[in-house]
Amino acid sequence: NKNLVKLVLPNLSNQDRPRQLEARQKFWANYSNSIQQLRILAPQSSLKAIGNINRGNVDSLKCDGSDTTEICIFDFGQLLIVEFFRGKGSETRFFTNSSKNRQVLFQESGLSVKQIRTLGGKAHDHALCWQWDCEKWLRNENILPNQGTEYFIGLKPQYGKYDFNTGLPEPSLNIKQKRENQLIAWKKSILKLER
């Protein structure tokens, strides 16, 4: 199950696989040992690219007019995390592991992007340095990277050096400012999508 993301994503053509898709996959690879269950929802175009051979637990994502995206649902025990891999509403959503959320996210067929968003949860951005901020958020929820992690997969060494007490290196003030500016635009687009 933990390698399924790696299996699915390389089968998409380059035009369907922007850099962001690989960045998300690499980020979550740092947490692979804590994932208890995994479900992938993919649009028809991605399912065609994958073919029937490697389908595993890849289910169809219902088209609802939202931007094309693959969705990965992770069960981390106390939290269910939904990763929207690409598109305008590229985000990560954190949900409590309630029986209702578990039922919808892991059992329901014919799920769409809009249905998942109506569940609420806390949305996290994919703006500049999102990995640094997301890691911090996860650490506060007591979700830590795989034991022995010294560098985060998918980050350059200067940004990816990992310390189990302090997390990833703090970005510079200049980068944080750029991040804040991107966050303003992201928050607007998420509010629009949630409406």
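Residues numbered from 1 in each chain as written. Predicted model: local features only at pLDDT ≥ 70, side-chain atom pairs only at ≥ 80, totals over all residues. Heavy atoms only, no water.

Enquirer: What should I look at first to understand the packing of aromatic side chains in this one?
Expert: How two aromatic rings sit relative to each other is given by the distance of their centres and the angle of their planes. Using the criterion set out here, one finds 13 aromatic pairs in the structure. Between Phe-27 and Trp-130, the aromatic rings sit 5.0 Å apart at their centres with planes inclined by 55 degrees, giving tilted as the arrangement. In this pair, Phe-27 sits in helix α2 (residues 19-29) while Trp-130 sits in helix α6 (residues 130-140), placing the two residues 103 residues apart along the sequence. Accessibility assignment for this pair places Phe-27 and Trp-130 in one class, buried. Here Phe-94 and Trp-137 contribute two aromatic rings whose centre-to-centre distance is 4.0 Å and whose plane-to-plane angle is 25 degrees, an arrangement assigned as stacked. On the criterion of sequence distance, the pair formed by Phe-94 in strand β5 (residues 92-96) and Trp-137 in helix α6 is long-range, its members being 43 residues apart. Judged by its relative accessible area of 23%, Trp-137 is partly exposed. Here a set of aromatic residues connected by ring pairs shows up, and it is made of Phe-27, Trp-28, Tyr-31, Phe-74, Phe-76, Trp-130, Phe-152, Tyr-162 and Phe-164. For Arg-117, the ring lying beneath its charged end belongs to Phe-84, and the centroid distance is 4.9 Å. Lying over the aromatic face of Tyr-151, Lys-161 brings its terminal NZ or CZ to 5.3 Å of the ring centre. (Phe/Tyr/Trp six-rings, centres within 6.5 Å; stacked < 30°, edge-to-face > 60°. Helix = DSSP H or I, 4+ residues; strand = E, 2+ residues; numbered from the N terminus. Buried < 20%, exposed > 50% of the residue type's maximum accessible area, 1.4 Å probe, protein only. Lys NZ or Arg CZ within 6 Å of the ring centre and 35° of its normal.)

Enquirer: Looking at this structure, how should I read the confidence of the model for the protein?
Expert: As a general rule, the predicted coordinates of low-pLDDT regions are not to be interpreted in detail. Summarising the model, the protein shows a mean pLDDT of 85, and 85% of its residues fall at 70 or more. Looking at the elements of the protein, mean pLDDT is at its lowest for helix α1 (residues 4-8), recorded as 53, and at its highest for helix α4 (residues 99-107), recorded as 96. (pLDDT = per-residue confidence, 0-100.)

Enquirer: What should I look at first to understand the pattern of salt bridges in this one?
Expert: Between side chains of opposite charge, pairing is possible as soon as their charged atoms come close. The tally for this structure, following the rule as stated, stands at nine salt bridges. Taking the shortest distance from any N to any O, the salt bridge between Arg-93 and Glu-91 comes out at 2.6 Å. By relative accessible area, which is 0% here, Glu-91 ends up buried. Two residues, Arg-179 and Asp-125, come together in a salt bridge whose shortest N-O distance is 2.8 Å. With Arg-179 in helix α8 (residues 173-194) and Asp-125 in the loop between β6 (122-124) and α6, the pair connects residues that are 54 residues apart, well separated along the chain. When its relative accessible area of 3% is taken as the criterion, Asp-125 is described as buried. Taken together, the shared-partner salt bridges connect Glu-91, Arg-93 and Arg-117 into one network. (Salt bridge = Lys/Arg side-chain N within 4 Å of Asp/Glu carboxyl O.)

Enquirer: Would you mind going over unusual backbone geometry with me for this structure?
Expert: Trans peptide bonds make up most of the peptide bonds, and negative phi angles are found at most residues other than glycine. Of note in the backbone geometry, Cys-129 takes a positive phi value of approximately 60 degrees without being a glycine. Positive phi, normally seen in glycine, also occurs at Asn-142, with a value near 65 degrees. Tracing the backbone through its elements, the reader meets Asn-142 in the loop between α6 and α7 (157-160). Assessed through its relative accessible area of 61%, Asn-142 is described here as exposed.

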